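# Report on the structure
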Amino acid sequence: MESTVVEKGQEPKGKLALLIEVLAVSAKLGLTSFGGPIAHLGYFHNEYILRRKWMDERSYADLMALCQFLPGPASSQVGIGIGILRAGLLGGLTAWLGFTLPSVIALVLFALLLQGMDISSMGWIHGLKIVAVVIVAQAVIGMGQKLTPDRNRATIAVMVAAVTLLWQTAFSQILLIVMAGVVGITLYRKSSTTPKTKDLSVPISRSVAILCLAIFFGLLFLLPLLRQFVIADWLSLFDSFYRSGSLVFGGGHVVLPLLERELVPDWMSKADFLAGYGAAQAVPGPLFTFAGYLGAMINGVTGAFIATAAIFLPAFLLIAGALPFWNSLRKNSKVQGALIGVNAAVVGILLAALYDPLWTTAILTPADFVLASILFLMLLFWKMPPWIIVVAGAAGGTLISFI
């Protein structure tokens, strides 16, 4: 649907001008938005709402609520949603490109630098593994406080963590998320309330939204089947990253165990995998750009393109498919109850990932534990930015290698 915007004292903007504007603003955010998804939402609020007034405060809050509800990278979906509301579907794609490409390029270059090197014994690589432990530990604490504040939700989280560690199959996490949603409906549907809010005005039709949702579910179910009959590395790679991007609730860190199960050891070593995860903390933009590094390690620039497109495609299809229906969906108490249960399960999945593969791979000696404790103190209590933690972790790992 064509979209034009009239600003005070100006002529209506054409579609091309809107797209250029969206690209410029999102690229600026992609180059400067350090600190993870919560920080990203703050940057978006500053730039899109306060400075440019592309949306009102209530609409922005509604959009954030929708993206917390959907699987996928919440901050990227908010950016895509703002782009869609500003300039239609192409606006959403443009906003995603601007916000994502800077960190993808940086991580692909890092991967190409590491290719062909034996990194298993490098001290600074081990330091990046310890950084990953610290970052995920912070995420577990922050998400746990927000998403498991009572006995029932804490129990869901611990039970999910236990089953995830003891029953490691390709479908265990999917089943656990579904079960947690059912438990959430049972326990919380009566207590779930949604405040009265202003309806979002969406510049795409419901028929287009239904098509996006049909493509999302079609790919989710058809790709694994095609993979069984069509022997092609690119298809296997696309399927692995698409399914991982489709099943992530609660933020980018939760993609770690999904990708680790898909890629290690068939596509790469655990050392290569965790080195990239640590490096991903040092770049601006969404954590999902970790896929660019992984794809590049597997098959160069072509692999990076396939992996990045595949892991973000579900986020785009879901936000485009859900926006026209959100006004009524958010008022459904069963949906809200299911979300409460799913979010508690997400904390459990992340807690399991903190132990395996992170802790079991990185914390091997007392010196490793000391470095992790110092980095954790710097991150959580001194509030230092993640890139400083990454640099300090790499330096600490190098120092430990000489002890």
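Rules of the game
Residues numbered from 1 in each chain as written. Predicted model: local features only at pLDDT ≥ 70, side-chain atom pairs only at ≥ 80, totals over all residues. Heavy atoms only, no water. Helix = DSSP H or I, 4+ residues; strand = E, 2+ residues; numbered from the N terminus. Rg over C-alpha atoms; globule rule 2.2 N^0.38 Å. Buried < 20%, exposed > 50% of the residue type's maximum accessible area, 1.4 Å probe, protein only. Contact = heavy atoms within 4.5 Å. Core = buried A, V, L, I, M, F, W, Y, C linked by side-chain atoms within 4.5 Å. Axes fitted to C-alpha atoms, helices over the stretch in contact; angles between N-to-C directions. Parallel < 35°, antiparallel > 145°, perpendicular 65-115°, else oblique. Left-handed = near helix turned anticlockwise from the far one by under 90°. pLDDT = per-residue confidence, 0-100.

Of the regular secondary structure elements, the protein chain holds 16 helices and zero strands. Compactness check: the protein chain gives a C-alpha radius of gyration of 21 Å against a globular reference of 22 Å for 403 residues, within 12% of the reference. Principal axes of the C-alpha set define a box for the protein chain whose edges measure 65 × 50 × 45 Å. Evaluated residue by residue, the protein chain yields a buried proportion of 56% over its 403 residues. Residue pairs in contact within the protein chain that sit at least 24 positions apart in sequence constitute 74% of those at least 6 positions apart.

Counting 124 residues, the largest nonpolar core has Leu63, Phe241, Phe273, Tyr293, Leu294 and Ile319 as its most contacted members. In terms of residue count, the dominant contributor to this core is helix α12 (residues 290-322) (19 residues). Not counting chain neighbours up to four residues away, the residues in contact with Leu294 comprise Phe241, Leu259, Leu263, Met268 and Phe273.

Attention now goes to the packing of helix α10 (residues 255-263) against α12. Each pair of packed helices gets described by two things: the angle between the helix axes and the distance between those axes. Two numbers describe how α10 lies on α12: the axes approach to 15 Å, and their chain directions differ by 130°. Considered as vectors, α10 and α12 are oriented oblique to each other. Where α10 crosses over α12, the handedness of that crossing is right-handed. For the pair α10 and α12, the contacting residues are Val255, Leu259 and Leu263 in the first and Phe290, Leu294, Ile298 and Ile311 in the second.

Turning our attention to the confidence of the model for the protein chain. For the protein chain, mean pLDDT is 86; residues scoring 70 or higher make up 91% of the total. Per-element confidence in the protein chain is highest for α12, whose mean pLDDT is 96, and lowest for helix α13 (residues 326-329), whose mean pLDDT is 75.

What follows covers unusual backbone geometry. With an omega dihedral of 0°, the bond running from Val264 to Pro265 counts as a cis peptide bond. Even without glycine at this site, Lys53 takes up a positive phi of about 55°. Within the secondary structure layout, Lys53 lies in the loop between α2 (37-51) and α3 (57-69). Phi is positive for Lys383, close to 60°, though the residue is something other than glycine.

Direction vectors running N to C along helix α4 (residues 74-114) and α12 enclose 165°, while the axes themselves pass 10 Å from each other. What the angle tells us is that α4 and α12 run roughly antiparallel. Both α4 and α12 take part in a crossing whose hand is right-handed.

Moving on, we come to helix α11 (residues 270-280). Every α-helical turn comprises 3.6 residues, leaving residues that sit three or four positions apart pointing alike. Within α11, ten of the eleven residues are buried, which leaves the element mostly enclosed by the surrounding structure. For α11, every residue scored as buried is listed here: Ala271, Asp272, Phe273, Leu274, Ala275, Gly276, Tyr277, Gly278, Ala279 and Ala280. Structurally, α11 contributes buried residues whose contacts are with α4, α5 (123-147), α10, α12, α14 (333-362) and α16 (386-401).

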